[in-house]
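# Secondary and tertiary structure notes
Here are the chains, one letter per residue:
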Amino acid sequence: MKRLLIALAVLLVLVPTLCRAEGYVMVNYGIGGDIDEPSLGVEMGGIFLSRLHPEGGAVSFGLGVSIADTDEDIPSAVLPPVPAPAYEQFTEYNDGNEQEVYFSVGAEMIPALFAVGGVGYASQDTVLVGRSADQFYEVDSESDNNVTWMLGMRYIIQGLNVGLGYHSRRGILAGIGVAF
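Quick caveat: nothing in here was measured; it's all calculated off a predicted structure.

What counts and what doesn't
- Numbers given for residues are sequential positions, taken from 1 along each chain in its written order.
- Confidence filtering applies because this is a predicted model: local features only for residues at pLDDT of at least 70, side-chain atom pairs given and counted only at 80 or more, and all residues used for totals across whole chains, interfaces and linings.
- Hydrogen atoms and water are omitted, and side-chain values are computed over all heavy atoms in the structure.
- Grouping into patches uses exposed residues only, defined as over 30% relative accessible area, and leaves out salt-bridged ones; the cut-off is 9 Å for like charges and 5 Å for nonpolar side chains (Val, Leu, Ile, Met, Phe, Trp, Tyr).
- For every accessible area listed, the method is Shrake-Rupley and the probe measures 1.4 Å; residues are considered covered only by the protein chains on display.
- One speaks of a salt bridge when a side-chain nitrogen belonging to Lys or Arg is within 4 Å of a carboxyl oxygen belonging to Asp or Glu.
- This count recognises Lys and Arg as positive and Asp and Glu as negative, with His and chain-terminal groups excluded.
- Charged side chains are reduced to one point each, which is NZ for Lys, CZ for Arg, CG for Asp and CD for Glu.
- Helix and strand definitions follow DSSP, with helices as H or I runs of at least four residues and strands as E runs of at least two, each counted in order from the N terminus.
- Only protein chains enter the accessibility calculation, which uses a 1.4 Å probe; a residue is then buried when its area is under 20% of its type maximum, exposed when over 50%, and partly exposed in between.
- In what follows, residue pairs with any heavy atoms lying within 4.5 Å of each other are defined as contacts.
- Remark: nonpolar core denotes a set of buried residues (Ala, Val, Leu, Ile, Met, Phe, Trp, Tyr, Cys) joined through side-chain atoms within 4.5 Å.
- Side-chain rings of Phe, Tyr and Trp (the six-membered ring for Trp) are treated as a pair once their centres are within 6.5 Å; stacked means planes under 30 degrees apart, edge-to-face means over 60, and tilted covers the remaining angles.

Turning our eyes to something else, we now look at a negative patch on the surface. Taken together, D36, E37, D69, D71, E72, D73, E92, D95, D125, D140, E142 and D144 make up a surface patch of like negative charges. No other element matches strand β7 (residues 135–157), which puts 3 residues into the negative patch. With respect to the helices and strands, E72 occurs in the loop between β3 (58–68) and β4 (89–94).

Following this line, the structure appears as structure tokens:
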């Protein structure tokens, strides 16, 4: 997975250069949304002049990753004995941070102002803990997977990339970066 992301990042830097397009790197910060925890991400992409654009303007394509600080303190739990005890209470905990990979597309609305949309995939490990007689048991562990989406606006000029939008899992998303 790590090699694939590195290869895609190199590709996103090389393709704009070979096509005589602009490239950008952006750092995103999100708060709120479904997870209601802070997140940090990085997006790389290119801005291309396009005949497909209705006004003859530019389109942007980007690939990004983000990590949300969703890790919770899980009580010390052991595997349940056989037969399993009767549980008084069940609690689901997030085990580690939520990670996301996403793809974004933008279209220039007026010079330097882009409407941006994106889709992605987020994954989070979870643990179900049951309590019985002041003892905690790890009942189940699984991966919580979600399809994500994002809508926003970006102002992109040579040397500056600023954005604001909404992300389905991350909430309000603000970003700043460089365009080259």
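Let's shift gears to the side chain of N161. For N161, the location among the structural elements is in strand β8 (residues 160–167). For N161, a relative accessible area of 0% translates into the label buried. For N161, the residues in contact, after removing those within four places along its chain, are Y24, M26, R154, Y155, I156, G175, I176, G177 and V178.

Listed in full, the 10 residues of the largest apolar core are Y24, M26, I47, A58, F114, V116, M150, I156, L173 and A179. Listing elements by their share of this core, those giving two or more residues are β1 (22–31), β6 (113–132), β7 and β9 (171–179). The residues contacting L173, other than those within four sequence positions of it, are N28, Y29, G30, M150, G163, L164, G165 and H167.

Structurally, V105 is set in strand β5 (residues 98–110). As a C-alpha pair, V105 and F61 span 44 residues in sequence and 4.7 Å in three-dimensional space. V105 has contacts with S60, F61, A115, V116 and G117, leaving out every residue within four places of it along the chain.

Together, V27, Y29, I31, L40, V42, V65, V119, W149, L151, L164, Y166 and I172 make up a nonpolar patch on the protein surface, roughly 1100 Å² of accessible area in all. Of all the elements in the fold, those that place two or more residues in the nonpolar patch are β1, β2 (39–49), β7 and β8. Residue contributions to the nonpolar patch peak at 3 residues, all from β1. Overall, L40 belongs to the exposed group, its relative accessible area being 52%.

A separate point is the packing of aromatic side chains. Counted according to the given criterion, the structure contains 5 aromatic pairs. Measuring from centroid to centroid gives 6.4 Å for F61 and F103, while their planes differ by 25 degrees, and the two rings are stacked. With F61 in strand β3 and F103 in strand β5, the pair connects residues that are 42 residues apart, well separated along the chain. Judged by relative accessible area, which is 32%, F61 ranks as partly exposed. An aromatic cluster is present here, built from F48, F61 and F103 joined pairwise through their rings.

Remember, this is a structural readout, not a statement about activity or role.
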